[in-house]
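Remarks on the overall topology
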Amino acid sequence: AVVSTQSTGTEEKLFLKSLKRNKNLKTYSFLECMSQGQLPLQQLSCTVSFFLLHFMDIKVTDSMIYIMSLVTVMGYLAITGFSLHEVRTIVLFGGFLFGLSPIIQTLTRSISDDTIYAMVSICLFTNFFLHDYSMTNGDYMSKCVSLNAAIFAAVCLASRLDDLNNVLGTIIIAVLTYGVIPPVRQKMAGSKLMPFWTIFLLVGSVYISYVSVPIVIIPLIISAVACLVIVPAFFVYLQKQKDNIYGPWDEAVLKDLGCKGTRDIYAE
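Quick look at the overall build of the protein chain now. Tallying secondary structure elements over the protein chain gives nine helices and four strands in all. Within the protein chain, the proportion of its 268 residues that are buried is 31%. In the protein chain, of all internal contacts separated by at least 6 residues, the share reaching a separation of at least 24 is 75%. Of the roughly 17500 Å² of accessible surface on the protein chain, 67% is carried by carbon and sulfur atoms.

Encoded structure:
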């Protein structure tokens, strides 16, 4: 026997009339994309400056150590807030750093310079590509890997130095650059100071490149143009090519209303 069943779907003449394109699509302007492009440029400028400082013949004095330590501590407390727990953390970290500096100084003496610099390059590239560039708290695991890669690179660079103050200075600068500045940058999200901060970091990295390795200036400028102009413009262009269609054929989506402690779930 043939059983007749009535279709509960959308009528054929109304099927395509229900089609919607790019529903709830959020588009971004060129200036918004350029603002986001500042973040990788800032990180790149910090990384270039940090790496090239190693090749500059700078004698770190005790007063410079005190100033860098004070700036790092103040930045850390500005992020976390002042409390007894944070003070204990600072004291513990500072004690370990000063106590282990002689060990770090001779840690890689038996390893060739080429191997060390190759490891440092890999770690800094890892830091750059896994860094959290969102304006809010992003992926926790990615941030941890990025920070640890940068600190490991700093330890490798510090182990090639002969002066103990230079070893301390390298580690402190790494903590300031990769541990303190990124959270401060997140707190500056949307601030009018962001463009000035970007210019300051870019000019600083260009100057350090000019003093130590001038050939780095060319790829650095090209990267700046790519981050601020080329990539944002390309992203804005791709937005116009986006074509998502919605209609009766879409799968049902479950929503949890959570009304007054009850779970009222229905299908769209």
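Right, picking up where we left off after that structure.
Time to look at the pattern of salt bridges. In this structure the tally under the stated criterion is three salt bridges. With a shortest N-O distance of 2.6 Å, Lys59 and Asp163 are connected by a salt bridge. Residue Lys59 is located in the loop between α2 (30-53) and α3 (62-80), and its partner Asp163 is located in the loop between α6 (140-158) and α7 (164-187); the two are separated by 104 residues in the primary sequence. The exposure class assigned to Lys59 is exposed, which follows from its relative accessible area of 54%.

One way to put it is that α2 packs onto helix α9 (residues 217-240) with a least axis distance of 8 Å and a crossing angle of 155°. Between α2 and α9, the angle falls in the class roughly antiparallel. With respect to the hand of their crossing, α2 and α9 are arranged in right-handed fashion. Residues Phe30, Cys33, Met34, Gly37, Gln38, Pro40, Leu41, Leu44 and Val48 of α2 form the contact with α9, whose own contacting residues are Leu220, Ser223, Ala224, Cys227, Leu228, Val229, Pro232, Ala233, Phe235 and Val236. Of the residues contributing to the contact of α2 with α9, the split by class is 16 nonpolar, three polar and no charged.

When pLDDT is averaged along the protein chain, the result is 80, and 80% of the positions lie at 70 or above. When pLDDT is averaged over each element of the protein chain, helix α8 (residues 194-212) comes out on top at 90 and strand β4 (residues 265-267) at the bottom at 40. Below a pLDDT of 50 lies the segment residues 262-268, which in the model reaches 16 contacts outside its immediate sequence neighbourhood of four places, other chains included.

For the rest of this paragraph, the subject is the packing of aromatic side chains. For the structure on display, the rule yields six aromatic pairs. With centroids separated by 5.6 Å and ring planes inclined at 45°, the aromatic side chains of Phe55 and Tyr117 adopt a geometry described as tilted. Residue Phe55 is located in the loop between α2 and α3, and its partner Tyr117 is located in helix α5 (residues 113-130); the two are separated by 62 residues in the primary sequence. What makes Tyr117 partly exposed here is its relative accessible area of 23%.

Secondary-structure assignment places Thr198 in helix α8. Setting aside residues up to four positions removed in sequence, Thr198 forms contacts with Gln38, Leu41 and Gln42.

Glancing now at the nonpolar core. By size, the foremost hydrophobic cluster in this structure holds 26 residues, and its most contacted members are Phe50, Ile65, Val120, Ile171 and Tyr178. Secondary-structure elements contributing two or more residues to this core are α3, α4 (84-105), α5, α6 and α7. Here this core takes eight residues from α6, the largest share from any one element. Excluding its chain neighbours within four sequence positions, the residues that come into contact with Phe50 are Ala154, Leu157, Thr170, Ile173, Ala174 and Tyr178.

Conventions used here
Each chain carries its own residue numbering, running from 1 in the direction its sequence is written. Restriction of local features to residues with pLDDT of at least 70 applies here, the model being predicted, together with a cutoff of 80 or more for giving and counting side-chain atom pairs; totals for whole chains, interfaces and linings are based on all residues. Hydrogen atoms and water are omitted, and side-chain values are computed over all heavy atoms in the structure. For helices the rule is a DSSP run of H or I covering at least 4 residues; for strands it is a run of E covering at least 2, with both sets numbered from the N terminus onward. Only protein chains enter the accessibility calculation, which uses a 1.4 Å probe; a residue is then buried when its area is under 20% of its type maximum, exposed when over 50%, and partly exposed in between. Only heavy atoms matter for contacts: two residues are in contact if any of them lie within 4.5 Å across the pair. Here the Shrake-Rupley method, with its probe set to 1.4 Å, supplies the accessible areas, and only the displayed protein chains count as covering residues. Every case where a carboxyl oxygen of Asp or Glu lies within 4 Å of a side-chain nitrogen of Lys or Arg is listed as a salt bridge. Axes, fitted as lines to C-alpha atoms, cover a helix only where it is in contact. Angles between the N-to-C directions of the axes lie from 0 to 180 degrees. Orientation is classified from the angle alone, with under 35 degrees giving roughly parallel, over 145 giving roughly antiparallel, 65 to 115 giving roughly perpendicular, and any other angle giving oblique. Crossings are sorted by hand: turned counterclockwise from the far helix by less than a right angle, the near helix makes the crossing left-handed, and turned clockwise it makes it right-handed. Amino acids are sorted into nonpolar (Ala, Val, Leu, Ile, Met, Phe, Trp, Tyr, Cys and Pro), charged (Asp, Glu, Lys and Arg) and polar (every other residue, Gly among them). Values of pLDDT, the confidence the predictor places in each residue, fall between 0 and 100. Ring pairs are drawn from Phe, Tyr and Trp, using the six-membered ring of Trp, whenever the two centres fall within 6.5 Å, and their geometry is named by plane angle: stacked under 30 degrees, edge-to-face over 60, tilted for the rest. The term nonpolar core refers to a set of buried residues drawn from Ala, Val, Leu, Ile, Met, Phe, Trp, Tyr and Cys, joined through side-chain atoms within 4.5 Å.

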